[in-house]
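Below, each chain spelled out in residue letters.
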Amino acid sequence: VQLQASGGGLVQAGGSLRLSCAASGRTFSGYAMGWFRQAPGKEREFVAAISWSGGSTLYADSVKGRFTISRDNAKNTVWLQMNSLKPEDTAVYYCAADRTIGVPVATLSRYDYWGQGTLVTVSS
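Residues numbered from 1 in each chain as written. Predicted model: local features only at pLDDT ≥ 70, side-chain atom pairs only at ≥ 80, totals over all residues. Heavy atoms only, no water.

Asks: Go over the pattern of salt bridges, please, and point to the residues and values.
Replies: This model, assessed by the stated rule, comprises 6 salt bridges. A salt bridge links Asp89 to Arg37, with the nearest nitrogen and oxygen atoms 2.9 Å apart. Linking Asp89 in the loop between strand 8 (77-82) and strand 9 (91-98) with Arg37 in strand 4 (residues 32-38), this pair joins segments that are 52 residues apart in sequence. Residue Asp89 shares its accessibility class with Arg37, and that shared class is buried. Arg66 serves as the salt-bridge partner of Asp89, at 2.8 Å between the closest nitrogen and oxygen. (Salt bridge = Lys/Arg side-chain N within 4 Å of Asp/Glu carboxyl O. Helix = DSSP H or I, 4+ residues; strand = E, 2+ residues; numbered from the N terminus. Buried < 20%, exposed > 50% of the residue type's maximum accessible area, 1.4 Å probe, protein only.)

This is the structure in C-alpha cells:
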C-alpha cells in the first residue's frame, strides 16, 4: 500500500483544515488507518485511527471533540477533519495503515505503511 497525504497548510487558531490520505492497492479496505503527527523536536504521536469498516474510531485526548477521522473504501481515502485548531496542533501529519487487524490502535509500531506527511501550521 502506498499512502499520499495532503491538505496541510497555514491556518489561524480556531480555524479548520481537512487532511486527506489517498491509498493505492487493492487491500486498503481491509486495513485500519491512523493519523499521527510530529512537532519540531518532539516524538511522533498518535492522533486518530479508524477501523477497516469505519465503524470504530479512536482519538487522542488532545484532539477528542475537535478532530474527526473518516474513510471511504470505495475511494481509497481517509480524511482527518480538524476544527478549532490550536497552535499546539502545529506539526507534520502522517497517515498510516495497519495491515495486521482491522481495529483502530494508537501504537505507532503497529502500523506498517506510512505516507510522506503534510505540514499543518496554526498561528496564534
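Now, onward.
Asks: Go over the sheet that holds strand 8, please, and point to the residues and values.
Replies: Ordered by their spatial adjacency, 4 strands build an open sheet running 1-3-8-7, and the pairing between neighbours is antiparallel. In the strand order of this sheet, the two ends are held by strand 1 (2-6) and strand 7 (67-72), each with one partner. Direction aside, neighbouring strands of the sheet carry axes that sit 15 degrees apart on average. For strand 3 (residues 17-24) and strand 8, the ladder comprises 6 bridges, and the chain directions are antiparallel. Its bridge partner being in strand 8, Ser20 is matched across the sheet by Trp79. (Pairing = 2+ DSSP bridges. Axes fitted to C-alpha atoms, helices over the stretch in contact; angles between N-to-C directions.)

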